[in-house]
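Each chain, written out:
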Amino acid sequence: MSSPLPDALLGPADIRELAAALGVRPTKQRGQNFVIDANTVRRIVRTAGVRPDDVVVEVGPGLGSLTLALLEAVGRVTAVEIDDVLAAALPATIAARMPERADRFALVHSDAMAVGALPGPAPTALVANLPYNVAVPVLLHMLETFPSIERTLVMVQSEVADRLAAAPGSKVYGVPSVKANWYAEVKRAGAIGRTVFWPAPNVDSGLVSLVRRAEPVRTTASRTQVFAVVDAAFAQRRKTLRAALAGWAGSAAAAEAALVAAGVPPQARGESLTVEEFARIAEHGTPAGHGTPAGHAEQAGHAEPAVRDGHTDQPDRPRQHQDQQQHRQQSEYKETAP
């Protein structure tokens, strides 16, 4: 197999030249911060541990910096891009800079939150510089929609990286931590400085590694049921679980009964529980408005009506179209406190 040209990756001048030719100005609305340093994208690829036989899905490829670095290392890359101009230009950039590998690249012009299938072989890895304002919902959606993804490496805001990788008992442990751990073993995998982006963001960035669990969480409850308990527990995280889960269970007494049956102290708080403990609570609870405990309900593992926000510990909201929600999410993103 022929190697790509030494200068195939994009540098700062290449990025600005491409952007000028396309009339592209990075927008906060879509969380666009383009990586302009070739060493950084190669580092991301190395840290991801992808192999020549991997099929990688990338979300938010932008002008193609990371895409080109991935094509140097893996068998196939499928990029998901919502921006009309960037989606139209990316195939030409790949063809011009890596013509011998262009047939191993595919583009899906779509909001990542609406993607339910990808062309070609099933993806084995997800590697992405995720738009900061939608990073957590996009990550959870991809992990749920594509169970073939074994390894993931995403670049997100440093604070969100801390939340995703937090362990029970940590001050920043919350909804993103538990939901990510439902799918994978999660850990911080490095830090990225601000100067490698254009425009430079006003926050630091972090890499998060997720390795799919060899075995799913053992539970008779569905993902939807477990996530409902997680959402309720952290909606009022200062309260004990007996109080926080009262709405979910129908009453504080019903919540206490579910907690005791699950072996969880009613006076505990959500930030002390593992995902397995949340699953046990879901098994023993009878959510308000439902007649049977989760363990006896139909296993509707893919029935969650919408991928949730997850950026903060506020009650999750049904997701609307990305363009309608991003400005609001950006504001929440700046206000999130550890």
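The preceding data block contains the structure.
Worth saying up front: this structure is predicted, and the values here are computed from it rather than measured.

K.L.:
Can you help me understand the packing of aromatic side chains in this one?
P.N.:
Any two aromatic rings considered together are summarised by their centre-to-centre distance and by the angle between their planes. Per the counting criterion, the structure on display carries five aromatic pairs. Seen from their ring centres, Y173 and F234 are 6.2 Å apart, and the 70° between their planes marks the pair as edge-to-face. Of this pair, Y173 sits in the loop between α6 (158-165) and α7 (175-183) while F234 sits in helix α8 (residues 223-235), placing them 61 residues apart in sequence. Exposure remark for Y173: the relative accessible area of 3% places this residue in the buried category. Given the relative accessible area of 1%, F234 is considered buried. With 5.9 Å between their ring centres and 45° between their planes, F234 and F278 make a pair best called tilted. Pair noted here: F234 is in helix α8 and F278 is in helix α12 (residues 275-284), with a separation of 44 residues, a long-range link. Cluster of aromatic residues (ring-pair linked, three or more members): Y173, F234 and F278.

K.L.:
Sorry if this is basic, but what is going on with the sheet that holds strand β4 (residues 105-109) here?
P.N.:
In any sheet, the strands associate via hydrogen bonds between backbone groups, in a parallel or an antiparallel arrangement. The strand order across the open sheet built from seven strands is β4-β3-β2-β5-β6-β9-β7, with neighbouring strands paired in mixed fashion. Only two strands of the sheet have a single neighbouring strand rather than two, namely β4 and β7 (184-192). Ignoring strand direction, the axes of neighbouring strands in this sheet form an average angle of 20°.

K.L.:
So what exactly am I meant to see when it comes to unusual backbone geometry here?
P.N.:
One can expect most non-glycine residues to show negative phi and most peptide bonds to be in trans. The peptide bond linking W198 to P199 adopts the cis configuration, its omega dihedral lying at -10°. Mapped onto the elements of the fold, P199 is located in the loop between β8 (197-198) and β9 (205-212).

K.L.:
Where do I start with the pattern of salt bridges in this structure?
P.N.:
Oppositely charged side chains can form a pair if their charged atoms are brought close together. Within the structure shown, the criterion is met by 12 salt bridges. Between D204 and R194 there is a salt bridge whose closest N-O contact spans 2.8 Å. Here R194 lies in the loop between β7 and β8 and D204 lies in the loop between β8 and β9, a separation of 10 residues in the sequence. Residue classification places R194 among the partly exposed residues on the basis of a relative accessible area of 34%. The shortest N-O distance in the salt bridge between R237 and E271 comes to 3.7 Å. You can see R237 sitting in the loop between α8 and α9 (241-244) and its partner E271 sitting in the loop between α11 (252-262) and α12, a full 34 residues away along the chain. By relative accessible area, R237 is classed as buried at 18%.

K.L.:
Honestly, the side chain of S209 in this entry has me stumped. Any pointers?
P.N.:
Among the structural elements, S209 can be located in strand β9. S209 gets classed as buried once you look at its relative accessible area, which sits at 13%. Residues in contact with S209, not counting those within four places in the same chain, are T152, L153, E185, V186, K187 and A189.

K.L.:
Would you take a moment to explain the pairing of β4 for this structure?
P.N.:
Looking down a regular strand, the side chains alternate between one sheet face and the other. The pairing of strand β3 (residues 76-81) with β4 spans five bridges and is classified as parallel. In the strand pairing of β4, V80 is matched with V108.

K.L.:
For this particular structure, what's the right way to read the environment of V138?
P.N.:
Here V138 is to be found in helix α5 (residues 135-145). Sequence spacing of V138 and D111 is 27 residues, and the spatial spacing of their C-alpha atoms is 9.5 Å. Contact partners of V138, with chain neighbours within four places excluded, come to V59, A112, M113 and L130.

Scoring rules and cut-offs
Here, residues in each chain are numbered from 1, in the same order as that chain's written sequence. In keeping with the model being predicted, local features are shown solely for residues with a pLDDT of at least 70 and side-chain atom pairs are shown and tallied solely at 80 or more, while totals for entire chains, interfaces and linings include all residues. Side-chain figures throughout are based on the complete set of non-hydrogen atoms in the structure, without hydrogens or water. Pairing of aromatic side chains here covers Phe, Tyr and the six-membered ring of Trp, requires ring centres within 6.5 Å, and sorts the geometry by plane angle: under 30 degrees stacked, over 60 edge-to-face, intermediate tilted. Note on conventions: DSSP H or I runs of at least 4 residues are helices, E runs of at least 2 residues are strands, and numbering of each starts at the N terminus. Think of it in three bands: residues with accessible area under 20% of the maximum for their type are buried, residues over 50% are exposed, and the middle band is partly exposed, with areas taken using a 1.4 Å probe on protein chains only. Pairs of strands are assigned from DSSP output, requiring at least two bridges between the strands. Structural elements are reduced to axes, namely lines fitted to C-alpha atoms, with helices fitted over the stretch in contact, and the angle between N-to-C directions of any two is expressed from 0 to 180 degrees. Salt-bridge detection follows one rule: a side-chain nitrogen of Lys or Arg within 4 Å of a carboxyl oxygen of Asp or Glu. When checking whether two residues touch, look at their non-hydrogen atoms; a contact exists if any pair is within 4.5 Å.

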